[in-house]
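Chain residues, written in single-letter form:
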Amino acid sequence: MRRHSLLPIIHHYLPIVWFILIWAVFFLPWRFQVNDDVIMMWLVSGAYTGQTETYALFIHPLLSYFLAQCYTVIPQFNWYGFVMICTNGVSAYLLSNWIFSRPATDTWKCFFLLFTFAIFLHLSLFVQFTTVAGFAALASLLYCTEFDRQPKGISILAFALFLVATMIRWESVVLIGLGFSMFLICFYRKAINSWKKWISFFAAFFILIIGKSLYENHCVDQDFLRFDRLRAAVIDHPMFVEDILRDQVKEDSDWFYFGRWMFEELPIDNKLLIDKKKELDQRLFSTRAVASGINRILRIQSTELFKSMLMGCMLVLFCFLILPAYRKLVFGLAWGLFYLIFNHFYYLQGRVNFLFFLVFLVPLLFFPRLKINRMCLKTLSYVVGFLICMHFWNFYQEYLGRNIIGKELKSLIERRESDTPIYLEGVLEYHFLDHYSYENPVPFLIQGWISRSPFQQQANQRFHFEDQSKLQEFGLLSFRSPEPLEFPDYMERISSKFIQNQEIKTEYLRLEYYSQVSPKQ
């Protein structure tokens, strides 16, 4: 009896399928992967400063302005997260449409549709703007090569997605663009000759970048921007990170607290940051630094196993592509060497590593010819499907733990007896399950890149103080652990001695209150 494939039905209703998937994932208990997105969401929603902000440092001012207006209209809705998941969904839709357009077997199409879904699901359950922008850039750039052969609606959607990717994080677009350019040079040079089709993308990219630069030069505090660039050059330096991880920074040094993102009023200025950067750069040119770079990749990817699975799968399948071996070798070695060099000079997190390997998806989707028989590819599909199920189960277990922490956090905040400013140590912002906005402000203060910014000054004023060093008392929210807390020592370093005078505990958390023994003379 003949088996009927579901692929034609899925293809026919593809926009509806992805529309349903986007909303289904959005209503799951997803979270942000790192705190950067949480902070930017709190800024544009007005949750941190008390008023919607039209600038959020990393994303383009046009996007942050749009989000701020959305929060002004409906502050209860998570516009930031919705835009990110929608962007992932549109990227996956375009890739799915591309897969259906390839002259390939149903088995090939089924596998890469499943693989696309795996990427979409992971990037949407653990949202991070760097990977969202990179995924969108890859999906949109694919259509550049066939702009004139695609339906007009798809071409417009691909171009719009490219604009959104650039506004979310232009650096991710540059990285994917470099990999895509290398792919064209090695495998598809005739696309380069059709340079006219690229003009609109290049023009849009540079207009957006120039616009962001002009806005920052005229509308943003220049002292903050310069400090932030220098701060990132040191705190994200691979040698500095290694020193922090190996406890090689003395505890009586300002750099000890700087490495733990406590630097709002430390006596570390731009000159000290420049000198520190030069010192760290000199250590890069050693065999130990090279070995450290390789170990760093293994250490980071061992903590992000699903990303590692996706990366390994793309690399292995690339090796089985039916293409000239020397071209594959040139592309693989050139891109791999660039990746290793980049990793040596910059501390790459798993999200950036993933974007480097995502480039290998371009030739895989462009040339649907693999040295793998139908049965092997079908078996690989089952393996990927099983890993998706396991990943979702692990995500659910993580959510249950996060839910417990979130409830305890909420109960501790509700039990506070005064308006004393509360800081966090070791508690990540995405643990808070409540949706904050200018109508429901964040009930605590945070450290990180937002320190020494106009945003932090506004947040301080919301808690009725100007300078951190002049606080007479503060609260500290942390996990219950035998390890000593470092924020009280930081406060004593910039002010005077504090003593703990109250402690509230739950099963996993504690909220401690400290008061100043005597003001600093």
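Residues numbered from 1 in each chain as written. Predicted model: local features only at pLDDT ≥ 70, side-chain atom pairs only at ≥ 80, totals over all residues. Heavy atoms only, no water.

A look at the packing of helix α6 (residues 106-125) against helix α21 (residues 374-414)
Interaxial distance between α6 and α21 falls to 9 Å at its minimum, and their mutual angle equals 15°. The pairing of α6 with α21 is recorded here as roughly parallel in orientation. The handedness of the crossing between α6 and α21 comes out as left-handed. Contacts between α6 and α21 involve Thr-107, Trp-108, Phe-111, Leu-114, Phe-117, Ala-118, Leu-121, His-122 and Leu-125 from the former and Arg-374, Leu-377, Lys-378, Leu-380, Ser-381, Val-384, Gly-385, Ile-388, His-391, Phe-392 and Phe-395 from the latter. (Axes fitted to C-alpha atoms, helices over the stretch in contact; angles between N-to-C directions. Helix = DSSP H or I, 4+ residues; strand = E, 2+ residues; numbered from the N terminus. Parallel < 35°, antiparallel > 145°, perpendicular 65-115°, else oblique. Left-handed = near helix turned anticlockwise from the far one by under 90°. Contact = heavy atoms within 4.5 Å.)

Concerning the sheet that holds strand β3 (residues 422-425)
The strand order across the open sheet formed by four strands is β3-β4-β6-β5, and the pairing between neighbours is mixed. Every interior strand has two partners, whereas the edge strands, β3 and β5 (498-505), have only one. Looking at each pair of strands side by side, their axes are set apart by 25° on average, direction ignored. Bridge count between β3 and strand β4 (residues 473-479): four bridges; the pairing is parallel. Counted as the bridge partner of Ile-422 is Gly-475 from β4. Along the sheet, α21 contacts β3, β4, β5 and β6 (509-516); its crossing angle with β6, the most-contacted strand, is approximately 35°. Sheet strands touched by helix α23 (residues 487-494): β3, β4, β5 and β6. Its angle to β4, the strand with the most contacts, is close to 155°. (Pairing = 2+ DSSP bridges.)

Re the pairing of β5
Here β5 runs beside β6; their pairing, made up of seven bridges, is antiparallel. Its bridge partner being in β6, Ile-504 is matched across the sheet by Leu-511. Taking the residues that link successive antiparallel strands as the turn, the β5-β6 hairpin has three residues.

What to know about the packing of aromatic side chains
Scanning the model with the defined rule gives 68 aromatic pairs in all. Arranged with centres 6.0 Å apart and planes meeting at 85°, the rings of Trp-23 and Phe-26 form a pair that is edge-to-face. Here Phe-26 and Trp-23 lie together in helix α2 (residues 14-26), a separation of three residues that amounts to about one turn. Overall, Trp-23 belongs to the partly exposed group, its relative accessible area being 28%. According to the relative accessible area criterion, Phe-26 is buried, its value standing at 8%. (Phe/Tyr/Trp six-rings, centres within 6.5 Å; stacked < 30°, edge-to-face > 60°. Buried < 20%, exposed > 50% of the residue type's maximum accessible area, 1.4 Å probe, protein only.)

Observations concerning helix α8 (residues 152-168)
Along its 17 residues, α8 runs 24 Å from first to last C-alpha, staying within 8% of the 24 Å computed at 1.5 Å per residue. Listing the buried residues of α8 in full gives Ile-154, Ser-155, Ala-158, Leu-161, Phe-162, Ala-165, Thr-166, Met-167 and Ile-168. (Expected span 1.5 Å × (residues − 1).)

Regarding the environment of Glu-216
In this fold, Glu-216 is placed in helix α11 (residues 196-219). Setting aside residues no more than four positions away along its own chain, Glu-216 makes contact with Tyr-55, Leu-57, Gln-222 and Leu-225. Among the polar contacts made by the side chain of Glu-216, one reaches the side chain of Tyr-55 at a distance of 2.6 Å. (Polar contact = N/O pair within 3.5 Å; in protein donor to acceptor, adjacent residues only side chain to side chain.)

Details of the environment of Leu-175
Mapped onto the fold, Leu-175 is located in helix α9 (residues 170-187). For the pair Leu-175 and Thr-420, spaced 245 residues apart in sequence, the C-alpha to C-alpha distance is 44 Å. The contacts of Leu-175, once residues within four sequence positions are left out, are Trp-335, Phe-338, Val-352, Leu-355 and Phe-356.

Overview of the side chain of Gln-516
On the secondary structure map, Gln-516 appears in strand β6. Only 2.7 Å separates the side chain of Gln-516 from the side chain of Ser-495, close enough to count as a polar contact. Every residue in contact with Gln-516, bar those within four places of it in the chain, is listed here: Leu-471, Gln-472, Ser-495, Ser-496, Lys-497 and Phe-498.

Observations concerning the pairing of β4
Regular strands show a simple pattern: their side chains alternate between the two faces of the sheet. A large share of β4 lies buried, amounting to five of its seven residues. The pairing of β4 with β6 spans seven bridges and is antiparallel. When the bridges of β6 are listed, Leu-476 appears paired with Glu-512.

Some words on the environment of Ser-253
In this structure, Ser-253 sits in the loop between α13 (238-245) and α14 (254-258). Remark: the alpha-carbon pair of Ser-253 and Asn-88, spanning 165 residues in sequence, is separated by 43 Å. Of note is the side chain of Ser-253, whose polar atom sits 3.1 Å from the backbone nitrogen of Trp-255.

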